[in-house]
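# Commentary on secondary and tertiary structure
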Amino acid sequence: MPGRSTSGSTGFISFSSVESALSSLKDFQSYISSGMDAASSVALDLVETQTEVSSEYSMDKAMVEFAIMDRELNHYIKAVQSAINHVKEERPEKIPDLKLLVEKNFVALQNKNSDTDFENNEKFVQFKQQLKELKKQYGLQGEREADGPEGVDEDMIVTQSQTNFICPITQLEMKKPVKNKVCGHTYEEEAIVRMIESKHRRRKKACCPKIGCSHTDVKMSDLVQDEALRRAIESHNKKRNRHSE
């Protein structure tokens, strides 16, 4: 329960202890985020090593569990913040039952849960996309995901995708590719960051450097690490080196 104080309070109600607890709760979000990164990395490793599907599926389930925890934690934080804002705005003479108020807000948010909520979880969406892309690179997509006939040679798939290995800015093979969430194009991280910063210094917008792309305002926040492409490039280079030996 909040204490009574004139410092940092609305009226005589201080929320400093509650807000401190909220800050600690937000730290757990970073732990969930780290867990999702680890599960995603393991899933991509399993695809690379072509481990049995059941192991990959367990990582998919883990990502779903992390996404559910993240949603519930977000709802609880929103419920607490809503309760605090309500009390601050109403300025009641009697301290309300904050626990009951938070629970009521939390239940209301949870009742709106939907499977489509995962589409708003950036790490979950990125995980599904990267998993699908890496499977394509190795010719492992399922029948319903396949873009072409069965039995396509893996070397042919890699050859067809080699154009995606080249950065549209440097025209060199990428080492640390990042994907633009808005238009889907990839660039060498250092090159696109340098380009955006250069444009912003001149108070201009950075256009996507991919020829034909209509995206005219690339932001740093649009960029995400393209782990699947990085792995595909490394795998291709390892094979190339083995063939040349």
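Small disclaimer: the values here were computed from a predicted structure and weren't measured. (Residues numbered from 1 in each chain as written. Predicted model: local features only at pLDDT ≥ 70, side-chain atom pairs only at ≥ 80, totals over all residues. Heavy atoms only, no water.)

Across its full length, the protein carries seven helices and five strands. When the helices and strands of the protein are read in sequence order from the N terminus, they spell out β-β-α-α-α-α-α-β-β-α-β-α. Taking all 245 residues of the protein together, the buried fraction comes to 34%. Sequence separation of at least 24 residues holds for 61% of the intrachain contacts in the protein that already meet a minimum separation of 6. As displayed, the protein has an accessible area near 15500 Å², and 50% of this comes from carbon and sulfur atoms. (Helix = DSSP H or I, 4+ residues; strand = E, 2+ residues; numbered from the N terminus. Buried < 20%, exposed > 50% of the residue type's maximum accessible area, 1.4 Å probe, protein only. Contact = heavy atoms within 4.5 Å. Areas by Shrake-Rupley, 256 points an atom, 1.4 Å probe, with all protein chains shown as cover.)

On to the environment of N180. Locating N180 in the fold gives a position in strand 3 (residues 177-180). Under the relative-accessibility criterion, N180 is labelled buried at 0%. Non-local contacts of N180, meaning those with residues more than four positions away in its chain, are made with H185, Y187, H215, V218, D222 and L223.

Let us look at the confidence of the model for the protein. Scored by pLDDT, the protein has a mean of 80; 80% of the residues are at 70 or more. Segment residues 143-160 is flagged for pLDDT under 50; beyond a separation of four residues in sequence, or across chains, it makes 16 contacts in the model. (pLDDT = per-residue confidence, 0-100.)

Counted according to the given criterion, the structure contains four aromatic pairs. Relative to Y31, the ring of F28 lies with its centre 5.7 Å away and its plane at 85°, an arrangement referred to as edge-to-face. Within this pair, F28 and its partner Y31 are both found in helix 1 (residues 16-48), separated by three residues, close to a single helical turn. A relative accessible area of 46% means that F28 is categorised as partly exposed. What makes Y31 exposed here is its relative accessible area of 53%. Taking 6.5 Å as the distance between ring centres and 45° as the angle between the ring planes, the aromatic pair formed by F124 and F127 counts as tilted. Taken as a pair, F124 and F127 lie in helix 4 (residues 122-137) at a separation of three residues, close to a single helical turn. Relative accessible area serves as the criterion here: at 10%, F124 is assigned to the buried category. For F127, a relative accessible area of 2% gives the class buried. (Phe/Tyr/Trp six-rings, centres within 6.5 Å; stacked < 30°, edge-to-face > 60°.)

Before going further, it helps to spend a moment on the sheet that holds strand 5 (residues 223-225). Within the open sheet, the three strands sit side by side as 4-3-5. Their pairing is antiparallel. Two strands in the sheet have a free side with no partner beyond their single neighbour: strand 4 (186-188) and strand 5. Adjacent strand axes in the sheet meet at a mean angle of 40° when their direction is disregarded. Helix 6 (residues 189-201) rests against strand 3, strand 4 and strand 5 of the sheet, and its axis sits at about 90° to strand 4. (Pairing = 2+ DSSP bridges. Axes fitted to C-alpha atoms, helices over the stretch in contact; angles between N-to-C directions.)

Okay, the packing of helix 1 against helix 4 next. Interhelical geometry of helix 1 versus helix 4 gives an angle of 10° and a closest axis separation of 10 Å. In terms of orientation, helix 1 and helix 4 fall into the roughly parallel class. Facing helix 1, whose interface residues are S33, M36, D37, S40, A43, L44, V47 and E48, helix 4 presents K123, F124, F127, Q130, L131, L134 and K135. (Parallel < 35°, antiparallel > 145°, perpendicular 65-115°, else oblique.)

Here the idea is simple: oppositely charged side chains can pair when their charged atoms come close. A full pass over the atoms with the stated rule returns twelve salt bridges. The shortest N-O distance in the salt bridge between R71 and D117 comes to 3.0 Å. Placement of the pair is R71 in helix 2 (residues 53-90) and D117 in the loop between helix 3 (98-110) and helix 4, with a sequence separation of 46 residues. Exposure remark for R71: the relative accessible area of 16% places this residue in the buried category. D117 gets classed as partly exposed once you look at its relative accessible area, which sits at 23%. (Salt bridge = Lys/Arg side-chain N within 4 Å of Asp/Glu carboxyl O.)

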